[in-house]
Amino acid sequence: MIAHGSTSPSLQLTHEGRLKHFLTLDGLDRAMLTAILDTADSFIEVGERTIKKVPLLRGRTVVNLFFESSTRTRSTFELAAKRLSADVLNLDINTSATSKGESLSDTLLNLEAMASDMFVVRHSQSGAPHFIAETVTPGVAIINAGDGRHAHPTQAMLDMLTIRQHKGGFEGLKVAVVGDILHSRVARSQIRALNTLGVAEVRVIAPATLLPRDIESLGCKVEYDMSHGMRDLDVVIMLRLQLERMEGALLPSEREFYRLYGLNQEKLSLAKPDCIVMHPGPINRGVEIESEVADGSQSVILNQVTNGIAVRMAVMSMAMSGQVSERVKARPAEVRT
Ligand code: NCD
């Protein structure tokens, strides 16, 4: 495991407090999260045009480095970069030199030698994007697309955009995250974002075996019983059982989990009538969510996917402009004229 510890704000922010990498929501204040949401809002309209392009990253090279499987995140990062007019390289790790034993650092040195401007990184090791940001050539922006169990900041921000669109803001909201919190980088980033944006209450609903020990210190209330936990909710976020990260038997059976924590119409009816249903995907129908709910009128799961493009456009353009402002500042005065 690559140690990530806590990311010091100076790693992802410039001296003026602008974004230059996007690694974690830790250390980012409400004004920054709101700026990301407002910028994303301004990009939604681009996705509705016939010609879905703006020139903000024209001439820039963005490399998608996905060391773990992904459908939504990888494709929406690619679309976001293309809508910003960047040149996009998708490195297929299975057919790249990584499979011939090349180290991460050597792969990166080679990609930097191709004058890349941004790496979008997904990795099974918590802290991998942080490590890359510390070692990469100045001027290259690193965006975390999900690292181990640690963080998935763009997912949390697209979730926040979806909540803001449907609820008009965050004040007074009661939000629950349900299921496999223990293995979820998404839950960690969501809890952080919800608290920073000032919701009234964040709940986690899960069996004790699927909760991290430090859960309450993250700023949430714990509920083990779903029928109790669903009461008064404005937003319910379901999570996939991340079996690929589970070591040993943490659950009696998937059927038992579904009975206790799966979201069906009956459990949803315990929440507020206008409660929205969210899920980062991939969804497992009949494991954590019933089809009737996933496809029902309260579900905003596909809106989340659409919003992913606008949020990723926002984060990529903000980080690139933060890098440019740092580079301009770093140049010697006589060359600056
Ligand atoms: C999540 C992930 O990869 O962390 N999915 C996503 O990015 N949309 C959640 C999951 O895999 O269950």
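Rules used in this analysis
- Residues numbered from 1 in each chain as written.
- Predicted model: local features only at pLDDT ≥ 70, side-chain atom pairs only at ≥ 80, totals over all residues.
- Heavy atoms only, no water.
- Pairing = 2+ DSSP bridges.
- Helix = DSSP H or I, 4+ residues; strand = E, 2+ residues; numbered from the N terminus.
- Axes fitted to C-alpha atoms, helices over the stretch in contact; angles between N-to-C directions.
- Contact = heavy atoms within 4.5 Å.
- 1 Å grid on protein atoms, 1.4 Å probe; cavity = no way out; pocket = protein on both sides within 12 Å on 5 of 7 lines; lining within 4 Å.
- Points joined across faces, edges and corners; volume = space filled by probe spheres on them.
- Domains from an automatic or database assignment.
- Nonpolar A, V, L, I, M, F, W, Y, C, P; charged D, E, K, R; others polar.

Caption draft 1: Geometry of the sheet that holds strand β9 (residues 276-278). Within the open sheet, the 5 strands sit side by side as β7-β6-β5-β8-β9. Their pairing is parallel. Looking at the sheet topology across the chains shown, the edges are occupied by β7 (221-223) and β9. Across this sheet, the average inter-strand angle for adjacent strands is 20°, counted without regard to direction. Relative to β7, strand β6 (residues 201-205) runs parallel, the two being bridged by 3 bridges. In the sheet register, R203 faces β7, and the bridge partner there is K221. Against the sheet, helix α6 (residues 153-167) engages β8 (235-238) and β9, with an angle of about 170° to β9.

Caption draft 2: Highlighting empty space enclosed by the protein. One pass over the full model with this rule turns up 1 cavity of 30 Å³ or more. Of the pockets and cavities examined, the largest cavity occupies roughly 70 Å³. Around the largest cavity, the lining residues are R72, T73, T76, Q155, L158, H279, P280, Q304, V305 and R312. Of all the secondary-structure elements, those providing two or more residues to the lining of the largest cavity are α3 (72-83), α6 and α12 (301-330). Taken domain by domain, the lining of the largest cavity gets at least three of its residues from each of domain 1 (9-151 + 306-336) and domain 2 (153-302).

Caption draft 3: Highlighting the layout of surface pockets. There is about 400 Å³ of room inside the second largest pocket. Around the second largest pocket, the lining is made up of 20 residues, and of these R122, R185, R240, G281 and P282 lie nearest the centre. Within the residue set of the lining of the second largest pocket, elements represented by two or more residues are α3 and α7 (185-197). Among the residues forming the lining of the second largest pocket, the class breakdown is 4 nonpolar, 9 polar and 7 charged. For the lining of the second largest pocket, the two domains that each supply at least three residues are domain 1 (9-151 + 306-336) and domain 2 (153-302).

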